Amino acid sequence: MDKTIIKNFSKYVSLNILGQIAYSCYTLADTFFVATDIGTNGLTALNLAFPVFCIISGTGLMIGIGGSTQFSILKSRNDSQNANQVFTNALILVFLFALFFFFTGLFASHHLVKVLGADSQVFEITNIYLKTLMLFAPAFILNHLLQCFVRNDGSPTLSMAAMMIGSFSNIVLDYIFIFPLKMGIFGAAFATGLSPIISMLILITYFIKKKNSFRLTMPDIVQTKGTIRKILANGIPPFLTEAASGVVMFLFNFIILKISGNVGVAAFGVISVISLVVISLYTGLSQGMQPLISQNHGIGNKSAVKTLFNYSLITSIILSAVVYGIIFFNAPTFVSIFNKEQDLSLAQCAIPGLKLYFAACPFIGFNIVQSTYFISINHPMPAQIISIMRSFLILIPMAFILSYLFGMTGVWLAYPATEILVFIFALTQRP
C-alpha cells in the first residue's frame, strides 16, 4: 500500500513540478528578452502589467482546480453523470470570465494601465503588453481548465507535456518575435498569448483518442447553481494563491514608486519573475497531491490521505531549503542576468531584496500545502481563510507599516512576515 502511494505521489508531484517550472519559464523568457531589448523601462512595464496576468491565470486555476477537485471525488465514486455536470458547468464559467477579460482588454486597457501606476515614460509599452495579454485571456483560462481535468482524469504525463511544450514554444517565439522580427514588447506578449493555444493543441489528442472519462453534457438547471458554488468554493484558495502574486506586485509597485521610482520597480520586477519560478514549485506540489488526496478521500481511505499529506509537507520542506540556499548564495548572479545595462542602483536594490524576500520560502510551502489539503477533502473554508490572510488581510497592512518604518528593507520584509503569521494560524487548523 505505502509503495503504491509513494509511487503515485512521486509521479504526480514530479510531473506537475516540471510542468509548472516550464510554465513559469516563459515569464522568465519574456523578462530576459524584454530587458535585453528595451532595458529598465521594459522591466518596469512588464512588472506593472503582470498583476492582471496573475488575475487571469488565477481565474483559470480557480475554475480548473475547483472543478477538477469535485470531478475527482465523483469519479472515485463512479458517479459519471454528476462528474460530467461539473465539467459542463466549469466550461460555462470559463466562457463568462473569458468574455469579461477579453472585452475589458479590448475597450479599457488604457484605464487599467493608469490604475496600475504607469507614468508617461512607460505608459505606451505597458498598454501594448497588457491589452495583448487580455485579448488572449480566453485561451489562458480554457488551457488551465483542460490541464486540470486531464491530469485528474489519470493523465498527468500528457498534462505536463502540454504545459512544457506550450511554455518552450513561447521561449522560441519570444526570441523570433523580439529580435529577428523586431516586434518589441508586442512580440513578447503575442508569444505568451500563443503558448496556451499550442498547449491545448497537445491536449486535444486526449479527446481525439477518446481517453477522456468526462464529457460535455446538457446542464441540469436544478443542479447548476449548487455545482458552480462548489467549484468556486474549492477554487477560491488557488485563485487567491495566484492572485496574491498580482496583489503583491500591484501593492509593492505602488509603495516602491514612492520610495525608489522606476528603478525600484525594475528591481522588484527581477524579484517577481524569480518568485514566479519559486511559487511554481509549490504549485506543482499542490497540484500533484490534490487529485490523489481527493480520490482517496472520495473512497474513505483516511490512512492514505494522512500519508499523502505528510509526504507533501516533507517535500515542501526539502524544496524550501534547496531553493533558499540557491537564491541566497547566487543573488548577484540572478540580478545580473536581468540587468543588461549594468545599472548599479538596480543591483544595490535587488540583491538584498532577493535575500530578504525569499526568507518566506519555508512558510509559503507549508501554507500552500495546508490550503490545498483542505480543498482536496472538500472542506474549503480553512483554505479560504489561509488564502485571504496571505493575499489581503495581513499582507496589505504589513506592507504599509514595514515600508513606513524601514523603507525598502521593510518592503522586502513584508512578504516573509505575512507568511510567518499565516503559518502560525495554519498550525492551529487540524488536518
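This text goes with the structure placed above it.
Analysis parameters
- Residues numbered from 1 in each chain as written.
- Predicted model: local features only at pLDDT ≥ 70, side-chain atom pairs only at ≥ 80, totals over all residues.
- Heavy atoms only, no water.
- Axes fitted to C-alpha atoms, helices over the stretch in contact; angles between N-to-C directions.
- Helix = DSSP H or I, 4+ residues; strand = E, 2+ residues; numbered from the N terminus.
- Parallel < 35°, antiparallel > 145°, perpendicular 65-115°, else oblique.
- Contact = heavy atoms within 4.5 Å.
- Nonpolar A, V, L, I, M, F, W, Y, C, P; charged D, E, K, R; others polar.
- Phe/Tyr/Trp six-rings, centres within 6.5 Å; stacked < 30°, edge-to-face > 60°.
- Buried < 20%, exposed > 50% of the residue type's maximum accessible area, 1.4 Å probe, protein only.
- Lys NZ or Arg CZ within 6 Å of the ring centre and 35° of its normal.
- Polar contact = N/O pair within 3.5 Å; in protein donor to acceptor, adjacent residues only side chain to side chain.
- Patch = residues over 30% accessible without salt bridge, like charges linked within 9 Å, V, L, I, M, F, W, Y side chains within 5 Å.
- Areas by Shrake-Rupley, 256 points an atom, 1.4 Å probe, with all protein chains shown as cover.
- Salt bridge = Lys/Arg side-chain N within 4 Å of Asp/Glu carboxyl O.

Engineer: Can you help me understand the packing of helix 1 (residues 2-37) against helix 7 (residues 184-208) in this one?
Structural biologist: When two helices pack together, you describe them by how their axes are tilted relative to each other and by the distance separating the axes. For the pair helix 1 and helix 7, the least separation of the axes is 10 Å and the interaxial angle reads 170°. Compared by their axis directions, helix 1 and helix 7 come out roughly antiparallel. Every residue of helix 7 that contacts helix 1 at Y26, D30, V34 and D37 is listed here: G184, A188, T192 and S195. When grouped by side-chain class, the residues that make up the contact of helix 1 with helix 7 number three nonpolar, three polar and two charged.

Engineer: What's the story with the packing of aromatic side chains in this structure? I'm lost.
Structural biologist: Note on aromatic pairs: each is described by the distance of the centres and the angle between the planes. The tally for this structure, following the rule as stated, stands at 33 aromatic pairs. With centroids separated by 6.0 Å and ring planes inclined at 50°, the aromatic side chains of F136 and F190 adopt a geometry described as tilted. Remark: F190 occurs in helix 7 and F136 occurs in the loop between helix 4 (123-135) and helix 5 (137-152); sequence separation between them is 54 residues. The exposure class assigned to F190 is partly exposed, which follows from its relative accessible area of 26%. One aromatic cluster in this structure is built from F71, F87, F149, Y206, F207 and F214. The ring of F328 carries K355 above its face, with NZ or CZ at 5.0 Å from the centroid.

Engineer: Even after reading the chapter, I still don't get the side chain of S312, so can you show me in this structure?
Structural biologist: Locating S312 in the fold gives a position in helix 10 (residues 302-337). Looking at S312, its side chain comes within polar contact range of the main-chain oxygen of L308, at 2.8 Å. Residues in contact with S312, not counting those within four places in the same chain, are F9, L285, M289 and V369.

Engineer: I'm lost on a nonpolar patch on the surface in this one. Help?
Structural biologist: A cluster of nonpolar side chains, namely I92, F95, L96, L99, F103, L106 and F107, defines an oily patch on the protein surface of about 660 Å² accessible area. With respect to the helices and strands, the residue F103 is situated in helix 3 (residues 80-115). Judged by its relative accessible area of 40%, F103 is partly exposed.

By themselves, these are just geometric observations and shouldn't be taken as functional.
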